[in-house]
Amino acid sequence: LDYIASMGFNCIYLNPIFAAESYHRYDTLDYYQVDPHMGSKEDVRALVEKAHSLGIRVLLDGVFNHISSSHFLFQDVLRNGMESKYYSCFYQLPAKPKLPAPGELPEYTCFSYVASMPKTNTADPYLRQYFCDVGVYWIREFDIDGWRLDVANELDDGFLRAFRTAVKAAKPDAVIVGEVWENAAHYLNGDMMDSAMNYDFRRYCRRFFAEETVDAETFDTNVSTLLLRYRENALFAQLNLLDSHDVSRFLSLCGGGNASYRLAILFMMCFVGMPTIFYGDELGVQGMQEEEYRAPMPWKGGDLALLGFFRKAIAMRHTLSPLREGSFQMLSAEGGSRVIRFRRYTGTESVTVSINAGKADAAVSFPEEKLYWAEGFQNGVLSPGGFAVTFR
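This section reports on the structure supplied with the text. (Residues numbered from 1 in each chain as written. Predicted model: local features only at pLDDT ≥ 70, side-chain atom pairs only at ≥ 80, totals over all residues. Heavy atoms only, no water.)

1. Focus: unusual backbone geometry
Move 1: The phi dihedral of arginine 25 falls on the positive side, at around 65 degrees, and the residue is not glycine.
Move 2: Along the chain, arginine 25 falls in the loop between β2 (18-20) and β3 (28-34).
Move 3: Judged by relative accessible area, which is 15%, arginine 25 ranks as buried.
Move 4: Even without glycine at this site, asparagine 379 takes up a positive phi of about 55 degrees.
Move 5: By the secondary structure assignment, asparagine 379 is in the loop between β14 (370-378) and β15 (381-391). (Helix = DSSP H or I, 4+ residues; strand = E, 2+ residues; numbered from the N terminus. Buried < 20%, exposed > 50% of the residue type's maximum accessible area, 1.4 Å probe, protein only.)

2. Some thoughts on the packing of helix α2 (residues 41-53) against helix α4 (residues 125-142)
Move 1: It is the contact of α2 with α4, at a shortest axis distance of 10 Å, that shows an interaxial angle of 65 degrees. Classified by the angle between their axes, α2 and α4 sit roughly perpendicular to one another. Facing α2, whose interface residues are Lys41, Val44, Arg45 and Val48, α4 presents Tyr137, Trp138, Glu141 and Phe142. (Axes fitted to C-alpha atoms, helices over the stretch in contact; angles between N-to-C directions. Parallel < 35°, antiparallel > 145°, perpendicular 65-115°, else oblique. Contact = heavy atoms within 4.5 Å.)

3. Details of the sheet that holds strand β8 (residues 239-241)
Two pairing modes exist for strands in a sheet, parallel and antiparallel, and in both the strands are linked by backbone hydrogen bonds.
Move 1: The sheet built from seven strands is open, its strands ordered β1-β4-β5-β6-β7-β8-β9 with parallel pairing. Only two strands of the sheet have a single partner each, and these edge strands are β1 (11-13) and β9 (274-276). Here the average twist between neighbouring strands, direction ignored, is 25 degrees. (Pairing = 2+ DSSP bridges.)

4. Section: the pairing of strand β11 (residues 339-345)
Move 1: The element β11 is largely enclosed, with a buried count of six among its seven residues.
Move 2: Note that strand β10 (residues 327-332) and β11 share five bridges and pair antiparallel. Bridge pairing in β11 links methionine 330 to phenylalanine 342.
Move 3: Linking two consecutive strands that pair antiparallel, namely β10 and β11, is a turn of six residues; a positive phi of about 85 degrees is found at glycine 336 within it.
Move 4: Bridging between β11 and strand β12 (residues 350-356) involves seven bridges; their strand directions are antiparallel. Pairing of valine 339 across the sheet is with asparagine 356, part of β12.
Move 5: Here β11 folds back onto β12 in antiparallel fashion, the turn holding four residues.

5. A few points about the nonpolar core
Move 1: Core analysis: the largest hydrophobic core is formed by 55 residues, its most contacted members being Phe64, Trp138, Trp147, Leu149, Phe163 and Met193.
Move 2: Counting only elements with at least two residues in this core, the list comes to β3, α2, β4 (57-62), α3 (72-80), α4, β5 (146-149) and α5 (157-170).
Move 3: No other element matches the nine residues that α4 contributes to this core.
Move 4: Excluding anything up to four places from it in sequence, phenylalanine 163 contacts Phe64, Phe131, Cys132, Gly135, Trp147, Leu149 and Ile176.
Move 5: If you look at the next biggest cluster of nonpolar residues, it comprises 53 residues, including Ala216, Leu227, Leu242 and Met268. (Core = buried A, V, L, I, M, F, W, Y, C linked by side-chain atoms within 4.5 Å.)

6. Observations concerning the layout of surface pockets
Move 1: The space that makes up the second largest pocket amounts to roughly 320 Å³.
Move 2: The residue makeup of the lining of the second largest pocket, split by class, is seven nonpolar, five polar and six charged. (1 Å grid on protein atoms, 1.4 Å probe; cavity = no way out; pocket = protein on both sides within 12 Å on 5 of 7 lines; lining within 4 Å. Points joined across faces, edges and corners; volume = space filled by probe spheres on them. Nonpolar A, V, L, I, M, F, W, Y, C, P; charged D, E, K, R; others polar.)

7. Description of the packing of aromatic side chains
Move 1: In the structure shown here, the tally under the stated rule is 46 aromatic pairs.
Move 2: Seen in terms of ring centroids, tyrosine 86 and tyrosine 126 are 5.3 Å apart; in terms of plane orientation they differ by 45 degrees. Their pairing is tilted. With tyrosine 86 in the loop between α3 and α4 and tyrosine 126 in helix α4, this pair connects stretches of sequence that are 40 residues apart.
Move 3: A relative accessible area of 10% places tyrosine 86 in the buried class.
Move 4: Here tyrosine 126 falls in the partly exposed class, since its relative accessible area comes to 37%.
Move 5: With a centroid separation of 5.9 Å and 10 degrees between ring planes, the pair formed by phenylalanine 201 and phenylalanine 267 is classed as stacked. Of this pair, phenylalanine 201 sits in helix α6 (residues 199-210) while phenylalanine 267 sits in helix α10 (residues 258-270); the two residues are 66 residues apart in sequence, bridging distant segments of the chain.
Move 6: The buried category is assigned to phenylalanine 267, whose relative accessible area is 0%.
Move 7: Above the ring of phenylalanine 208, the side-chain terminus of arginine 338 is found at 4.5 Å from the ring centroid. (Phe/Tyr/Trp six-rings, centres within 6.5 Å; stacked < 30°, edge-to-face > 60°. Lys NZ or Arg CZ within 6 Å of the ring centre and 35° of its normal.)

Don't take any of this as a statement about function, it's just geometry.
Encoded structure:
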């Protein structure tokens, strides 16, 4: 936590910590117990208290779209079939469901055809209350600061409204972030969720910075759709990300090259929304496949120069308030070019960011602004991979 605080982060989101069967813990056995591999409830309490003392908020991962087939709810259904009082807690069950033999597809609806993770019916009144009680319990007992909802777009709308009502009653400023891989406008009207994981942001950055398959004009068109998509309060709360536990590391998509990766990080730190860093990104962790990109945190070693870049970018966002609160305006993004210039501004202050993601030098000027930070910039020229941040 001291390391995280020293980086300038003010919130951490944990993948599931509850008792489960798999290493990833997305197949929950007990929502009221901490997985023994992770520690104890007292460890959670100590974690939250220490985090809060450092100005860091803590979000937990709520996996309510599916549970473990060994969870007591589904075990009761396996034993009693339609006679189970929990039968309606699941989707599309046969009269007497059973676990499939190895190699067979399950005869009931589950997450990604994984038989050990049957899909829940969050429209069921009992299950709705059960999960709402879980959401409130960890806030009241451990003072957590909100939830990230797994597979939020497959949860019942009525459940999302009930869950929000229950959570906000327990802690009015608790945040609810949903995992939605596409347009999340349906969920961000103030009655279901506060924010969504912005995977479209990652897609557009991948094409421009990593794959270099689109020009500045197309990139501008793409990110403009993100700015027009949501209401303003939801827009500033979007969880912008380049990496997560479900996708390849962005540095690997950049071919391991730091120049394009740094430009993508800089853009995320300067764009509208909440920038999010997956553990180890700041130390150069790479990986294309799951067993690679979920590698352990390199507490010793790593790319220390890249770490310094992250520290500086995060500190810049804390220092320059328009990067957190200001409106966005693209100043230059021409067809055929890979140079972008944009401005974040409030009523009294503005910050201009110039990025050269191309292969040739680019001339830029800002006579009325002061230089805050630049790399690859000299005598009014941005070299390939260079950037300049100015303010007034």
